[in-house]
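Chain by chain, the residues run as shown.
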Amino acid sequence: MDTFVIEGGNPLRGTIRVSGSKNAVLPIMAATLMTADITEIDNVPNLRDVQTMSKLLTHLGADVRFTHRRLFINTRKVRSWEAPYDLVRTMRASVLVMGALLGRFGKARVSLPGGCAIGARPIDLHLKHLSALGVEISLKDGYVHLQAKHAPKSTVRLAYPSVGATENLMMYAASLSRRTVIAGAAREPEIDDLAAFLTAAGAKITARRGHVEVSGADRLAGVQHRVIPDRIEAGTFAAAAALTRGDLHLAGARPDHLGAVLKKISDAGARVEEEPDGVRIVARNRPRSLTLTTMPYPGFPTDMQAQFMALTSVGDGTSVITETVFENRFMHAAELSRMGANIAIDGRVAVIKGVRDLKGAPVTVSDLRAGAALVLAGLAAKGRSVVHRVYHLDRGYESMEKKLKSVGASIARRRN
Ligand code: EPZ
C-alpha cells in the first residue's frame, strides 16, 4: 500500500488546476443507465471511485471508455439490473444506480451498502421516499429488491436533505411521464449538475432552494455533459494555502460553490480573491481560531471538516468544530494529536486548542477526508511525516501529490 512522505514547512505558492467533481460525476455516470444510448462526459477526474463506478456499469452491460478526462459510456447493451455486493461494498455511491435501474427496467436489485468508517450511512430515506412514489421494496439476503408500480402520490417531502436520496429520487422521477415534486431536497451544486444532465437528456427538471420538480420522459437520450469543478478538492487546497501561509491560485474553482468555506478561510485570516478563472488564497500569518458547524449545503460542508481541524490545530486560540451530518467523523483527531495537536472530543463537538507547531510523524488514513487533513498537517508540520494507506486519498483526489509538489510542497509517493 502506497504512502506519502512529506517534509513540512514549505509555503504553497503557484497555481493548481481543480479537477472535475467526484460527487457530481458519480450520480451522472449512474444516470447514463437511463439512456440506452452513448453519453460523453467531459472534465472527469481520474479517481478510484470513477474506476469503481465504471466497473459497475460494465458489470451491468455498458461499454465504458475513459481517455483524457473524457468518459464515453454506451449503455445500449445493458441487460442486468443487479448491483452486486462485491462492488457496492467497495463504494457506497453504487447505490445511486437504484433510481436509474428502476427508470430503465422498472426494477432493481441492489446490495445494501453497509456502513463505512464515518458512519452507519443507512439508505432508509432513499427507500422510504421511493416507496412513496409507488416502488415496492423488499429486503432479502442483504439485497434491496425494488419493483416499480403505479404511484399513488407524486410529491415526496424528505425528512432530511439527503444528497444520495435526492439523486436517486430525481433519477427515478426522470423516467415517469407525470410531474413529480421532491420537497426538502438537498441543495448541493452536484444536485444541480445532475439536474442539468437529466434535462439535457430529455427530462424537465427545476431545482430551487430544495424544491425539485421533475417531468420525466420514458426514454432519455445520450448527451454530452461537462462536469462541474470539485468544490471539496478546491476547498482542501484553499485550507492548505492558509495552513502553510502560501499564495495559491485555484484555477477553475467556482467561488459560488464555496461560499461557506471561503468565509471561514477569510475568518482564519487569509485573503480570498475571486478571479475570472478561480480563486486566489494568500496567507501571511498563523491562522486565527474558528468556530464552525457542518450543515447541509449551503452550510459549511462536512467534507471540509477534517481539513479545518488540521487548519485550526495550529490556530492562535481555541476553536470549536461541531459535526452535525455524520456520527463518527472525527477519526482524524487522534492522528492529528499524534502530530502534537491538542484536541478534545465530546460526542459531535471537537475543541481544538491551537499549538504553535505540529511535529511530523507516521500517521494512518482512515477515510478520504481524514487523509486530506493528515496531508495538510504534514505540509505544515516541522519535520517528516509518513502518511499510510493513501489509497483512501486516491478515491477522491486526482494526482494529489503531483499537484502539491507543483506548488512547492516536499511530498513524494512511495510505492510499497
Ligand atoms: C454524499 O453522501 C457525498 N457522497 C458525501 O461525500 C457527503 O459527505 C454527503 O453527501 C453529505 O454532503 C457522494 O456524493 C458520493 P447523505 P451521501 O445521504 O449521499 C444520513 C466524500 O467525502 N442518511 O446526504 O451518502 C447519513 O447517514 C463523501 O466525498 C440517513 O440517515 O450523504 C448521513 O448521516 C463522504 N438515511 C446524513 O444523512 C439515508 O437514507 C447525510 O447523508 C440517507 C442518509
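One can find the structure itself at the top, above this paragraph.
Basis of the calculations
Residues numbered from 1 in each chain as written. Predicted model: local features only at pLDDT ≥ 70, side-chain atom pairs only at ≥ 80, totals over all residues. Heavy atoms only, no water. Helix = DSSP H or I, 4+ residues; strand = E, 2+ residues; numbered from the N terminus. Rg over C-alpha atoms; globule rule 2.2 N^0.38 Å. Buried < 20%, exposed > 50% of the residue type's maximum accessible area, 1.4 Å probe, protein only. Contact = heavy atoms within 4.5 Å. Areas by Shrake-Rupley, 256 points an atom, 1.4 Å probe, with all protein chains shown as cover. Lys, Arg positive; Asp, Glu negative; His and termini not counted. Charge placed at Lys NZ, Arg CZ, Asp CG, Glu CD. Salt bridge = Lys/Arg side-chain N within 4 Å of Asp/Glu carboxyl O. Near = heavy atom within 4 Å. Polar contact = N/O pair within 3.5 Å; in protein donor to acceptor, adjacent residues only side chain to side chain. 1 Å grid on protein atoms, 1.4 Å probe; cavity = no way out; pocket = protein on both sides within 12 Å on 5 of 7 lines; lining within 4 Å. Points joined across faces, edges and corners; volume = space filled by probe spheres on them. Nonpolar A, V, L, I, M, F, W, Y, C, P; charged D, E, K, R; others polar. Phe/Tyr/Trp six-rings, centres within 6.5 Å; stacked < 30°, edge-to-face > 60°. Pairing = 2+ DSSP bridges. Axes fitted to C-alpha atoms, helices over the stretch in contact; angles between N-to-C directions. Expected span 1.5 Å × (residues − 1). Core = buried A, V, L, I, M, F, W, Y, C linked by side-chain atoms within 4.5 Å.

Q: Would you mind showing me how to read the overall build of the chain here?
A: Summing up its helical and strand segments, the chain has 14 helices and 24 strands in all. At 21 Å, the chain has a C-alpha radius of gyration in line with the 22 Å of a compact globule built from 416 residues. Taken over 416 residues, the chain has a buried fraction of 57%. Considering only contacts within the chain whose residues lie at least 6 apart along the sequence, 73% involve residues at least 24 apart. With an accessible surface of roughly 16200 Å², the chain has 49% of that area assigned to carbon and sulfur atoms. Charge separation in the chain, taken as the distance between the mean sites of 57 positive and 39 negative side-chain charges, equals 1 Å.

Q: Explanation requested: the pattern of salt bridges in the structure shown.
A: Where charged atoms from two side chains of opposite charge come close, those side chains can pair. Per the counting criterion, the structure on display carries 27 salt bridges. The closest approach of N and O atoms between arginine 413 and aspartate 2, which form a salt bridge, is 3.0 Å. Taken together, the residues arginine 413 in strand β24 (residues 410-414) and aspartate 2 in the segment before β1 (3-7) connect sequence positions 411 residues apart. Of the residues examined, aspartate 2 reaches a relative accessible area of 16% and is grouped as buried. For the salt bridge of arginine 271 with glutamate 273, the shortest nitrogen-to-oxygen distance reads 2.7 Å.

Q: Would you take a moment to explain the site of the ligand for this structure?
A: Residues in contact with the ligand amount to 21 residues; listed here are only the nearest, Asp124, Leu125, Ser162, Asp303 and Val325. Taking asparagine 23, its side chain carries an N or O atom lying 3.1 Å from an oxygen atom of the ligand. Within the backbone of proline 122, an N or O atom sits 3.4 Å from an oxygen atom of the ligand. Protein contacts shield 87% of the accessible area of the ligand, which totals 830 Å² for the unbound molecule. At the level of secondary structure, the elements contributing two or more residues to the shell around the ligand comprise α1 (22-31), α5 (124-132), α6 (163-173) and α12 (368-380). For the shell around the ligand, the leading source of residues is α5, giving three residues.

Q: Looking at this model, I keep getting lost on empty space enclosed by the protein. Mind explaining?
A: A probe as big as a water molecule, rolled over the atoms, marks out the empty space that is left. As enumerated under the stated definition, the model contains one cavity of 30 Å³ or more in all. Around the largest cavity, the lining residues are Ser19, Gly20, Lys22, Pro45, Leu47, Asp230, Glu233, Gly396, Tyr397 and Glu398. Class assignment for the residues of the lining of the largest cavity results in three nonpolar, three polar and four charged.

Q: I tried to follow the packing of aromatic side chains on my own but got confused; where do I start?
A: Here the distance between the centres and the angle between the planes together describe a pair of aromatic rings. Evaluation of the coordinates by the stated rule reveals two aromatic pairs. With a centroid separation of 5.5 Å and an interplanar angle of 55°, the aromatic rings of tryptophan 81 and phenylalanine 105 are classed as tilted. Here the residue tryptophan 81 occupies a position in the loop between β5 (70-74) and β6 (82-83), and phenylalanine 105 occupies one in helix α4 (residues 97-105), the gap between them amounting to 24 residues. Taking relative accessible area as the criterion, tryptophan 81 reaches 26% and is therefore assigned partly exposed. Seen from their ring centres, phenylalanine 300 and phenylalanine 308 are 4.9 Å apart, and the 85° between their planes marks the pair as edge-to-face. When sorted by exposure, phenylalanine 300 lands in the same class as phenylalanine 308, which is buried.

Q: Help me understand the sheet that holds β24 in this model?
A: Strands in a sheet are paired, the pairing made by backbone hydrogen bonds, and the direction either parallel or antiparallel. Strand order in the open sheet formed by four strands is β22-β23-β1-β24, with mixed pairing between adjacent strands. A strand with exactly one partner marks an edge of an open sheet, and here the two such strands are β22 (362-364) and β24. Each adjacent strand pair in this sheet contributes to an overall mean axis angle of 20°, direction not counted. Against the sheet, α12 contacts β1, β22, β23 (384-388) and β24, and its axis sits at roughly 25° relative to β1.

Q: Help me understand the pairing of β23, please; the structure alone is not making it clear to me.
A: Residues in a regular strand point their side chains to alternate faces of the sheet. Sheet topology note: the β1/β23 ladder contains five bridges and is antiparallel. If you follow glutamate 7 over to β23, its bridge partner there is arginine 384. In the sheet, β22 pairs with β23 via three bridges, with the strands oriented parallel. By the bridge assignment, proline 362 is partnered in β23 with valine 386.

Q: Would you mind showing me how to read the sheet that holds strand β9 (residues 143-148) here?
A: Taken together, four strands build an open sheet; the order of strands is β6-β7-β9-β8 and the sheet is mixed. One side of each edge strand has no neighbouring strand; the edge strands of this open sheet are β6 and β8 (135-140). Sheet strands in contact with α4 are β6, β7 (107-111), β8 and β9, and its direction is about 155° off that of β7. Strands β8 and β9 of the sheet are contacted by α5, whose axis makes an angle of about 145° with β8.

Q: Please explain helix α7 (residues 189-200) as it appears in this structure.
A: In an α-helix, one turn spans 3.6 residues; hence positions three or four apart end up facing the same way. Here α7 spans 17 Å end to end across 12 residues, near enough to the 16 Å set by a 1.5 Å rise per residue. Within the span of α7, buried status applies to Pro189, Glu190, Ile191, Asp193, Leu194, Ala195, Phe197 and Leu198. Of the surrounding secondary structure, the elements contacted by the buried residues of α7 are α1, β3 (38-42), α6, β12 (204-208), β14 (224-226) and α8 (231-243). Among the residues trailing α7, glycine 202 stands out with phi positive, at a value near 125°.

Q: Looking at this structure, how should I read the environment of glycine 246?
A: Take glycine 246: it is sitting in the loop between α8 and β15 (247-251). With relative accessibility at 0%, the residue glycine 246 sits in the buried group.

Q: Before we go on, may I ask you to explain the nonpolar core in this structure?
A: A general tendency of soluble globular proteins is for nonpolar side chains to be buried together. Counting residues in hydrophobic clusters, the biggest one holds 72 residues, and the most contacted among them are Met29, Ile41, Val97, Leu146, Met170, Met171 and Leu198. The leading source of residues in this core is α1, at seven residues. Beyond its immediate chain neighbours, meaning those up to four positions away, leucine 146 contacts Met98, Leu102, Gly106, Lys107, Ala108, Leu127, Leu130, Val135, Glu136 and Ile137. Judged by nonpolar contacts, the second largest core, of 68 residues, contains Phe4, Leu248, Leu292 and Leu404.

So, to be careful, I would describe these as geometric facts and stop short of saying anything about function.
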